[in-house]
Every structure is written in structure tokens, then in C-alpha cells.
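# Tertiary structure, described
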Amino acid sequence: MMNSRGDLFGIFCSMSDYGILDIVKDALTLNLEFASAEVQAKRLELCNACPHLGKLIRDCKVCGCLVDAKVQFTKADCPINKW
Ligand code: SF4
């Protein structure tokens, strides 16, 4: 599955605006930003309470992202604007 831009992160994150190509690009240009521990914890708290969180592999059923990875990146966001 590709995301709306057609990049390969669609395998994991079909509706993400911040996909694997963005992450690789930011990593290569030393612009990869990680959210603080507090922000990550707050994001996970919201995901854990969300009815769209998959119980088996903790994937978001709206965007397809693996939320434990997704919450780490500053530029990532919730597809329904919960965070
Ligand atoms: S990213 Fe948003 S929609 Fe997906 S599980 Fe987390 S809170 Fe729910």
C-alpha cells in the first residue's frame, strides 16, 4: 500500500504526510527531529485511548502507522488531529 504521495512508507503509513522518504531525507540532511519524552508519552496516551488503535501490532487503523514509531518524530501527526 502506498500513501497518497505514492511513497513506500505507505506499507506502514498509508495516510501519513510525514512518511519514510521524509524521515530518510531528514536523517540524511541532519534535520531529523525527535519529540521530547513528554510529548511522546502524551501522544501514546492519546493513541492508547483511541478506538482506532490496533491491538495486535499497535497500528493506527486510520493511517496504518505503527504508533510506537510514529510518535517519536516531531513532524508526525495524528490523521484525525488528536495530536
Ligand atoms: S494516530 Fe490518531 S487516529 Fe491513529 S491511533 Fe493514534 S490517536 Fe488514534
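## Things to note about the overall build of the chain
When you go through the chain residue by residue, the secondary structure sums to three helices and zero strands. Among the 83 residues that make up the chain, the fraction classed as buried is 19%. Residue pairs at least 24 apart in sequence account for 48% of intrachain contacts in the chain once pairs closer than 6 positions are excluded.

## Some points on the site of the ligand
The full set of residues close to the ligand is Leu46, Cys47, Cys50, His52, Leu53, Cys60, Val62, Val67, Cys78, Pro79, Ile80 and Lys82. Of the residues in the shell around the ligand, the class split is 10 nonpolar, one polar and one charged.

## Remarks on the nonpolar core
Membership of the largest hydrophobic core is limited to seven residues, which are Cys47, Cys60, Cys63, Cys65, Val67, Val71 and Ala76. Beyond its immediate sequence surroundings of up to four residues, Val67 is in contact with Cys47, Leu53, Arg58 and Cys60.

## Some points on the environment of Phe34
Here Phe34 is to be found in the loop between helix H1 (20-28) and helix H2 (37-48). Phe34 gets classed as exposed once you count the C-beta atoms within 10 Å, which come to 11. The spacing of Phe34 and Lys75 is 41 residues in sequence and 8.3 Å in space, taken between C-alpha atoms. Among residues more than four places away in sequence, those in contact with Phe34 are Gln72, Phe73 and Thr74.

## Some thoughts on the environment of Gln40
With respect to the helices and strands, Gln40 occurs in helix H2. Given 17 C-beta atoms within a 10 Å radius, Gln40 is considered partly exposed. Between the C-alpha atom of Gln40 and that of Gln72, which follows or precedes it by 32 residues, the distance is 5.9 Å. Each residue touching Gln40, except ones within four places of it in the same chain, is listed here: Ala35, Val71 and Gln72.

## Topic: the confidence of the model for the chain
Averaged over every residue, the pLDDT of the chain is 84; residues scoring 70 or more account for 81%. Mean pLDDT values over the elements of the chain span from 87, in H1, up to 98, in H2. When the criterion is pLDDT under 50, residues 1-11 qualifies, and its contacts beyond four places in sequence or with other chains add up to 23 contacts.

Rules used throughout
- Residues numbered from 1 in each chain as written.
- Predicted model: local features only at pLDDT ≥ 70, side-chain atom pairs only at ≥ 80, totals over all residues.
- Helix = DSSP H or I, 4+ residues; strand = E, 2+ residues; numbered from the N terminus.
- Buried ≥ 20, exposed ≤ 12 C-beta atoms within 10 Å, placed from the backbone.
- Contact = placed C-beta atoms within 7 Å.
- Near = placed C-beta within 6 Å.
- Nonpolar A, V, L, I, M, F, W, Y, C, P; charged D, E, K, R; others polar.
- Core = buried A, V, L, I, M, F, W, Y, C linked by C-beta atoms within 7 Å.
- pLDDT = per-residue confidence, 0-100.

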